[in-house]
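Below are the chains, spelled out letter by letter.
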Amino acid sequence: MTLFDIIDILDAKVLVGRDRLNMEVKTAFSADLLSDVLAFAKAGSLLLTGLTNPQIVRTSSILDIAAIVLVRGKVAPDETLRLADELDIPILSTRYILFETSGRLYEHGIKGCVEKVGRDDYVSL
Amino acid sequence: MSFNYEQSFTIQGGNFTDAGEVSVFIKKTLQKMGIPSEILRRVAIATYESEINIISYAKAGVIYIRVTPENIIINIDDEGPGIENIELAMRAGYSTADEKIREMGFGAGMGIPNIINCSDDFTLTSEVSKGTHLKIIINISTN
Amino acid sequence: MKLSHIAKELKFKIKCGEELLERDVSGGYVGDLLSDVMANSKKGNLWITRQTHQNIVAVASLKDLAGIVLVQGKEPDADALEKASIEGIPILVTELSSFDVAGKLYILLS
C-alpha cells in the first residue's frame, strides 16, 4: 500500500514529504531503541516510533527506511523535520499509541520484518 | 570491481545534534562505490554505534575507514574516560548511559555487542582516563 | 480476555507466572522506554517489549500490568525472572517481532 493509504488507516498528519506519498510500503518495524532499528529493521520498511530526535532520521537514512510514523500524536522538533526533508524521508504523525498503530497496519496487511545482520552469537548476560 | 578508499573523520564528544552524520556520509560514499548492501548494513551499524559511543562518553574521537578489494577496516580511537571493565562492556544489555542518551533511544547496552556481531574481526583496547580503541574488519568476499 | 487464552492463541512460551494466567487483559502496550511505559500504559495492559532486565518487573508491578511479552525470542535476564516470580508478574516470550505480535494481539482483542 502507499503512504496515502497509511494516512487513511492511521488518521495521520503529514509532517514531511507531502510529495512522496505515492511511495509503496509492505513492512513495518516498531522500536524506541535505535540499536534495535540498526540491527533488525529491513530496508524499505516503515519505522514506527515514539522517538522524535534527529537520530531517527539519520538511522532511517542509513538503513533506507521508507518513512517514519510518529505515534501518540508526537510532533517532531524543527531540526528533525529539516533533516528529514534534507535526507528525503517522509514523516507522518498519528494520534494512536504504538500498539494500536501496529494493530491497524497489521490488520490492513502490513507485515513485520526482521533483518538478519552479521553473526548470531550475541554475547549475553 | 576494485574498491580503494580511505578517510578519517573527527567527532566531537557531546555533539548529539550531529550524531550519525559521519555514518550517513560513509554509507552514501560506500553505496556509490557499489559495496553490496549486506556489507553496507554491517558498516553502518559499526560506524553508527561507534559514533554514538564517542559522542556519549568521550571528549573527541576519530573514525578512520579504509576500503580495499578484500575488506573494510574501521579504526576508532577516542580520547575519553576509557572502559573500566571491558568484559562487562561487551555484554548485551550492560550500559553506563545516562538519561540524555537513553532519551535518544540509545543506551540499551547493545552498542558493542552489535558491533561485534557485525565484524569478521574485532579488537577492543582501553585505558581508563585515556581512551578507547576499536578495530573492526569486515570482509568483502563472495561466500 | 484472559491472558491464558492469549498465550495459547499466540503461542507464547511461558517463562514464569504460569499460575497467574487467568487474569484479564485490558489491552496491549508496546514500548521500550521505561519512562514512556510508566507514563502511558494502562492497568491490565499486556506489555510488549524487548527490554529483558529486571527494571521491567518494577514497571509492570507499579502499573499493574497483566504481564510482559518479550519479542524476537528474547529471554528475560535471570534476575528479571526471579523478581517477576516474587512480584507475581507473568513473563512470556514470542519469536515474533514487536510489530507482528502487537498486530496479532490487536486483532485478537478487537
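Here the structure is a predicted model, which means the values were calculated and not measured. Sequence order sets the numbering: in each chain, residues are counted from 1 along the sequence as written. Going through the entries in the order they are written, you letter the chains from A and number the ligands from 1. Only residues with pLDDT of at least 70 get local features here, since the model is predicted, and only at 80 or more are side-chain atom pairs given and counted; chain-wide, interface and lining totals rely on the full set of residues.

*Asks:* Can you walk me through the overall build of chain B in this structure?
*Replies:* The number of helices and strands found in chain B is five helices and five strands. N-terminal to C-terminal, the α/β element order of chain B is β-α-α-β-β-α-α-α-β-β. The globule rule is 2.2 Å times the number of residues to the power 0.38, and the radius of gyration it is compared with is taken over C-alpha atoms. For chain B, whose C-alpha radius of gyration is 15 Å, the value lies close to the compact-globule estimate of 15 Å for 143 residues. For chain B, the spread of C-alpha atoms along the principal axes amounts to about 45 × 30 × 25 Å. Put plainly, a residue is buried at 20 or more neighbouring C-beta atoms within 10 Å of its own, exposed at 12 or fewer, and partly exposed in between, counting only other residues' C-beta atoms, which are placed from the backbone. Buried positions account for 43% of the 143 residues belonging to chain B. Working definition: helices are DSSP H or I runs of at least four residues, strands are E runs of at least two. Numbering for both runs from the N terminus.

*Asks:* Can you walk me through the overall build of chain C in this structure?
*Replies:* For chain C, the helix and strand inventory stands at five helices and five strands. The N-to-C order of helical and strand elements in chain C reads α-β-β-α-β-α-β-α-β-α. By the compact-globule yardstick of 13 Å for 110 residues, chain C fits well, its C-alpha radius of gyration being 12 Å. Expressed along its principal axes, the backbone C-alpha trace of chain C runs to roughly 30 × 30 × 25 Å. Counting over 110 residues, chain C shows a buried share of 50%.

*Asks:* Would you mind showing me how to read the environment of D19 of chain A here?
*Replies:* Mapping D19 of chain A onto the fold places it in the loop between β1 (13-16) and β2 (27-30). For the pair D19 of chain A and L33 of chain A, spaced 14 residues apart in the sequence, the C-alpha separation amounts to 29 Å.

*Asks:* What exactly am I supposed to notice about the interface of chain B and chain A here?
*Replies:* Frequently, the measure chosen for interface size is the accessible area that the parts lose on association. In this description, a residue-residue contact is defined by the distance between C-beta atoms placed from the backbone, which must lie within 7 Å. The partner chain A presents 23 residues to the 28 residues of chain B that form the contact. Residues of the side of chain B that touches chain A, tallied by class, amount to 14 nonpolar, eight polar and six charged. Just so you know the grouping, Ala, Val, Leu, Ile, Met, Phe, Trp, Tyr, Cys and Pro go in nonpolar, Asp, Glu, Lys and Arg go in charged, and all remaining residues, Gly too, go in polar.

*Asks:* Hey, could you run me through the nonpolar core in this one?
*Replies:* Side chains of nonpolar character tend, in soluble globular proteins, to be buried together. Residues enter a nonpolar core if they are buried, belong to Ala, Val, Leu, Ile, Met, Phe, Trp, Tyr or Cys, and are joined to the set through C-beta atoms within 7 Å. With 115 residues, the main nonpolar core has V69 of chain A together with V69 of chain C as its most contacted residues. Here this core takes ten residues from helix α2 (residues 37-57) of chain B, the largest share from any one element.

*Asks:* Teacher, can you tell me more about the environment of A46 of chain B here?
*Replies:* All names here are of chain B. For A46, the location among the structural elements is in helix α2. For A46 and I116, which are 70 residues apart along the polypeptide, the C-alpha to C-alpha distance reads 8.2 Å. Here A46 is in contact with I74, I115, C118, S119 and I136, once residues within four sequence places are set aside.

*Asks:* Before we go on, may I ask you to explain the confidence of the model for chain B in this structure?
*Replies:* Interpretation of the predicted coordinates at a detailed level should be avoided for regions scoring low in pLDDT. One number per residue, pLDDT, summarises how confident the predictor is, and it ranges from 0 to 100. This prediction gives chain B a mean pLDDT of 90; 98% of its residues lie at or above 70. The element-level mean pLDDT for chain B is lowest in helix α4 (residues 99-103) of chain B, coming to 76, with strand β2 (residues 60-67) of chain B highest at 97.

*Asks:* In this structure, what is going on with unusual backbone geometry? I would like to understand it.
*Replies:* Residues other than glycine predominantly adopt negative phi, and peptide bonds predominantly adopt the trans conformation. Phi at D11 of chain A takes a positive value of approximately 50°, unusual for a residue other than glycine. The exposure class of D11 of chain A is exposed, given the 10 C-beta atoms found within 10 Å. With phi around 75°, S129 of chain B is a residue other than glycine that occupies positive phi space. You can see S129 of chain B is positioned in the loop between β4 (121-127) and β5 (131-139).

*Asks:* How should the sheet that holds strand β6 (residues 111-112) of chain A be read in this particular structure?
*Replies:* Hydrogen bonds between backbone groups are what pair the strands of a sheet, and the pairing can be parallel or antiparallel. Only when DSSP finds a minimum of two bridges between them are two strands counted as paired. Pairing is mixed in the open sheet, where six strands are placed in the order β1-β5-β4-β3-β2-β6 (chain A). Every other strand in the sheet has two partners, leaving β1 and β6 of chain A as the edge strands with one partner each. Against the sheet, helix α5 (residues 98-109) of chain C makes contact with β2 and β6 of chain A, and its axis sits at roughly 100° relative to β2 of chain A, the strand it touches most. Every axis corresponds to a line fitted to the C-alpha atoms, with the helix fit spanning only the stretch in contact, and the corresponding angles, defined between N-to-C directions, vary from 0 to 180 degrees.

*Asks:* In this structure, what is going on with helix α1 (residues 21-33) of chain B? I would like to understand it.
*Replies:* An α-helical segment advances 3.6 residues per turn. Residues three or four places apart therefore align on the same side. In a regular helix each residue adds 1.5 Å, so 13 residues correspond to 18 Å; α1 of chain B covers 19 Å between its end C-alpha atoms and thus fits that length. Within α1 of chain B, burial applies to V22, S23, V24, I26, K27 and L30 of chain B. Tucked inside the fold, the buried residues of α1 of chain B contact α3 (54-63) of chain A together with β1 (5-12), α2 and β2 of chain B. What a helix is expected to span follows from its residue count: subtract one and scale by 1.5 Å.

*Asks:* Even after reading the chapter, I still don't get the interface of chain A and chain C, so can you show me in this structure?
*Replies:* Facing 19 residues of chain A, the contacting portion of chain C comprises 20 residues. Going through the elements one at a time, β2 and α5 (98-107) of chain A are the ones with two or more residues in the side of chain A that touches chain C. With seven residues, α5 of chain A is the largest single contributor of residues to the side of chain A that touches chain C. Class assignment of the residues belonging to the side of chain A that touches chain C gives a composition of ten nonpolar, five polar and four charged.

*Asks:* Teacher, can you tell me more about the pairing of β4 of chain B here?
*Replies:* Look at any regular strand and the pattern is simple: side chains alternate between the two faces of the sheet. Residue and element names in this part refer to chain B. Counting buried positions along β4 yields zero of seven residues, so the element is predominantly exposed. Judged from the seven bridges that link them, β4 and β5 form a sheet pairing that is antiparallel. Bridge pairing links L124 to L134 in β5. The antiparallel pairing of β4 with β5 creates a hairpin that spans three residues between the two strands, and S129 there sits at a positive phi of about 75°.

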